[in-house]
Amino acid sequence: MDPAKVKGFLSPAEGEMLGHYAVQSAVLGQVVEIGSWCGKSTIYIAREIAKTGNLFFSIDHHRGSEENQPDWEWFDPEVWDEQAKAIDTLPHFRNNIRLAALEDTVVAMVGCSARIGQAWRSPVGFLFLDGSHTMVAALADYRAWVGHIMKGGILAIHDVFPDPTDGGRPPFEVCEMAISSGLFNRIDQVDSLVILQRL
Ligand code: MG
């Protein structure tokens, strides 16, 4: 399964960069992403992680973000579950991971990413932050997970738009906050993906 063909909002260059840094930092701790959607970033990362023998934890409630809901800009009727009257990307995600032959590497965690972060007890080497883009949710994810990232580990943030006319602000603001906290250095960037390293 070519990840470029999977539904999602990630450029091939962003996908390749995620895979590169995920492998590099997997020696430091677990590899985790927040925001699976249909598995596009998951496949880019997991196909590299599979070579290391590590697991890759992909967290999402699979009910879509605000902008994916009916009548919003990024609504996709193909991921609508009429019985549940809600978005359900989990069947699409699961099917794509199966087609990519990555079921032995990818661990799908279905639930609230901030609450899972509070319960999490394992050091993290790589965290890809790409969940809900409301300020409340983006901040909750950051606060629940930042303490798990090991020194030298990577925090990758998607949809960082310094110019507000290009997109919503919360990922940009979380990124700025991470840098100004003194905990992270910005080490790389492509398109709207920013790579921070824990000092
Ligand atoms: Mg994104």
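What counts, and at which threshold
Residues numbered from 1 in each chain as written. Predicted model: local features only at pLDDT ≥ 70, side-chain atom pairs only at ≥ 80, totals over all residues. Heavy atoms only, no water. Pairing = 2+ DSSP bridges. Helix = DSSP H or I, 4+ residues; strand = E, 2+ residues; numbered from the N terminus. Axes fitted to C-alpha atoms, helices over the stretch in contact; angles between N-to-C directions. Donors = N, O, S within 2.8 Å, 3.2 Å for Na, K, Ca; no water. Buried < 20%, exposed > 50% of the residue type's maximum accessible area, 1.4 Å probe, protein only. Salt bridge = Lys/Arg side-chain N within 4 Å of Asp/Glu carboxyl O.

Draft legend 1. Geometry of the sheet that holds strand β8 (residues 184-190). Strands sit in the order β5-β2-β1-β6-β7-β9-β8 across an open sheet of seven strands; the sheet is mixed. Edge positions in the sheet fall to β5 (106-110) and β8, since each has one partner strand and no second. Strand-to-strand twist in this sheet, taken as the mean axis angle between neighbours without regard to direction, amounts to 20°. For strand β2 (residues 56-60) and β5, the ladder comprises five bridges, and the chain directions are parallel. Residue pairing for β5: serine 58 is matched across the bridge by alanine 108.

Draft legend 2. Summary view of the pairing of β8. With six bridges connecting them, β8 and strand β9 (residues 193-198) associate as antiparallel partners. By the bridge assignment, asparagine 185 is partnered in β9 with glutamine 197. Counting the residues in the hairpin turn of β8 and β9 gives two residues, including aspartate 191, whose phi is positive at 50°.

Draft legend 3. How the structure looks around the coordination of the magnesium ion. Around the magnesium ion, the protein contributes the donor atoms Asp130 (OD), His158 (ND1) and Asp159 (OD), at 2.1 to 2.3 Å from the metal centre. What makes aspartate 130 buried here is its relative accessible area of 18%.

Draft legend 4. Inspection of the pattern of salt bridges at higher detail. This structure, assessed with the given rule, holds seven salt bridges. Linking lysine 7 and glutamate 78 is a salt bridge whose minimum nitrogen-to-oxygen distance equals 2.6 Å. Of the two residues, lysine 7 sits in the segment before α1 (12-25) while glutamate 78 sits in the loop between β2 and β3 (80-81), which places them 71 residues apart along the sequence. Accessibility expressed as a relative area gives 25% for lysine 7, which makes it partly exposed. Its relative accessible area of 56% is what places glutamate 78 among the exposed residues. Bridged by salt links that share partners, the residues Glu16, Arg47, Glu48 and Lys51 form one connected network.

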